[in-house]
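# Analysis of the macromolecular model
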Amino acid sequence: MLYPQRLDAATWEIRTITITGQDGNDLIACSLDTVRLTEATYTALSYVWGDPTFTKPIVVDGHVFQATVNLEVALRNLSKDFVGKPLWVDAICINQQDTAEKNQQVPLMGELYSRAAGVVIWLGESDPAMEMLMEGMAQEAPTLRAGVEDTSKRLHEIGIRKRESMFMAIARRPWWKRIWVVQEALLSQEDPIFRCGPHEFTWSRFFAFFLAHYKEAEKLGSTSNERAPEVSEWQERLGSQDSEHYKYGAGSDVITLSVYATVRNDFQRINHVPLSAIVAMGFDRAATVPHDYIYGFLGLMSEHDTTLVDVDYNSSHWDLYRAFAENLVASEDEDGTKVFSTLCFSDGEGRPSWVPDFGRQSMLGPQSGMLLTMDKSWQFPPAVWFSDDNEVLMLAGVLLGDIIWSRHIQASQDGLLSNISGTVDLARRETAAGTPSLTRLFTGNNGGRGPLLKNDAESDRWWEHLMDDAFPMKALLSSETGQEARGELDGLTISSVCSQLAASALLTSAGRSLFVTTNSQIGIGVPRCQPGDVVVYLYGMCAPFVLRPEADHYTIIGAARIAGLEDAALLERYCTEYRLAEATFRLG
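What comes next is a walk through the structure.

What counts and how
- Residues numbered from 1 in each chain as written.
- Predicted model: local features only at pLDDT ≥ 70, side-chain atom pairs only at ≥ 80, totals over all residues.
- Heavy atoms only, no water.
- 1 Å grid on protein atoms, 1.4 Å probe; cavity = no way out; pocket = protein on both sides within 12 Å on 5 of 7 lines; lining within 4 Å.
- Points joined across faces, edges and corners; volume = space filled by probe spheres on them.
- Helix = DSSP H or I, 4+ residues; strand = E, 2+ residues; numbered from the N terminus.
- Nonpolar A, V, L, I, M, F, W, Y, C, P; charged D, E, K, R; others polar.
- Pairing = 2+ DSSP bridges.
- Axes fitted to C-alpha atoms, helices over the stretch in contact; angles between N-to-C directions.
- Contact = heavy atoms within 4.5 Å.
- Salt bridge = Lys/Arg side-chain N within 4 Å of Asp/Glu carboxyl O.
- Buried < 20%, exposed > 50% of the residue type's maximum accessible area, 1.4 Å probe, protein only.

## What to know about the layout of surface pockets
For the second largest pocket, the calculated volume is near 800 Å³. Around the second largest pocket sit 34 residues that line it, and W49, D90, A91, Q96 and T288 are the ones nearest its centre. Broken down by element, the residue count for the lining of the second largest pocket peaks at 4 residues, all from strand β5 (residues 63-68). Grouping the amino acids of the lining of the second largest pocket by side-chain chemistry returns 20 nonpolar, 8 polar and 6 charged.

## Some remarks on the sheet that holds strand β7 (residues 118-124)
Across the sheet, which stays open at both edges, the 9 strands sit in the order β5-β4-β2-β1-β6-β3-β7-β8-β9 with mixed pairing between neighbours. Two strands close off the open sheet at either side, each with one partner strand: β5 and β9 (199-202). Across the sheet, the mean angle separating the axes of adjacent strands is 35° when strand polarity is ignored. Note that strand β1 (residues 13-22) and strand β2 (residues 28-36) share 9 bridges and pair antiparallel. When the bridges of β2 are listed, T16 appears paired with D33. Packing against the sheet, helix α8 (residues 203-217) makes contact with β7, β8 (193-196) and β9, and its axis sits at approximately 80° to β9.

## Considerations on the pattern of salt bridges
Evaluation of the coordinates by the stated rule reveals 17 salt bridges. Note that D81 is salt-bridged to R195, the shortest N-O span being 2.7 Å. Taken together, the positions of D81 in the loop between α1 (69-78) and β6 (86-88) and R195 in strand β8 put the pair 114 residues apart, joining distant regions of the chain. One salt bridge in this structure joins R161 and E164, with 3.2 Å as the shortest N-O distance. Of the two residues, R161 and E164 both sit in helix α6 (residues 153-171), 3 residues apart, roughly one turn of that helix. Each member of the pair R161 and E164 is classed as buried. Look at the salt bridges and you will find they share partners, linking D26, E72 and R76 into a network.

These figures capture arrangement, not role.
Below you can see the structure in the form of structure tokens.
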């Protein structure tokens, strides 16, 4: 029997493995030892399990153990350097068939990774993107001009675009999306080591190169040479030409890298992450067990917050999700309601609509409110009530209008601006009065970075040109005039401004719905918006919400953004001017 007895939680027992070599059948052979965490010396392995139905045998204490293919490959790779050195590997060191042992080991994950002598991250086998990365990092000064033979503007830009595709390909590796890797990477006291095929490099070296790349890439500020034949050929070689993934997935993947680039240093200073940020860290990640969308971050929580989580894999994960949703809504920290405003909400499936599925959250997908939120909330903190059975959440707010018309905005990138222009024309026919500029509506919150230009009139001017099919935009952007830096554009070029406006519109509106309310408001909401829904502002939130009336309650459809009400000050002025009456909304 491989696990003759359960680990003793009271004394912080853990198991470690030690690679002893290979047996006569060329199988990786390991020994298994039980030690106290406070006395152990080991290196922790961070990796992706992979498909549990595809396995390869290894030998542990004389017993054949079916490891996932990715784990077996990782151990074989590590056997070159780690023979005789203790390792901690979750799939082997925790009896995965013993729920009680899992329940008592999971709360130790924070201590386990922070006490490790080091963390080795297995990314998988090498590929062309990884080979390009290694060549780039071999340069003494990692800039994007390194490795570009011709310093002409065109070839320089192509070099940047190719490396942009390289980082997208690297970011698509499954490791970056696994729930548990966040704390595994952040908690290590030593610089984590990446291993990928025959290559090895440190965390700090990789992200220094990544940040150098994006500092150089930001200087382009346009889509120039994005579709050059050389770039397309390279993307095809990397398998990164999937337009749908480029729109949502690749953007999200690169954001994930951007977060990792700074969050480890930040965490080393503060030593814990607020619950609201914990929820946001789970966006676009994968876990085999739904509980792990919360449990996977226990090691990052403050001592107080960990007391709110009782690890029990036998309990319903919906009870866990409900508790976290309650905490976000009733939080004394405004970040809680801000995160709640960004969440994707789906059909109840037997649960209240205000309890989100934390396993299906996305940063950039059309169901997300991430790019629709205001700069801050209004009327914070909200007054929160729950029904006796905790099924109905009651929040005060104001009714902004009923949706009387809606149209789906196309999801594909090609021809999107023409589709937006035509859909806006239809929407304006439904309004009883003139509508404000729609630039801020369609460019969203710009990722929290504020307006693109200091002069709103210039943003509006070039947005209207983008909306005008008759305007010779393509010729202008490729001309000398379009490539000249202009003072009225804060030193940017026309090409750069228009490209950034178009990119923001792609992320903010593609795949969502455009709607009109009874008060002649034009807004953007999630795809499920339809006539008969209502648009409300719930006090303390960072975005209006679309709700669907039911017999005795409302169902949450998702966040929205309304032209002319894009920030808290505008919303407050509107509610005061029109003397909107406060109401209590029952969310079931």
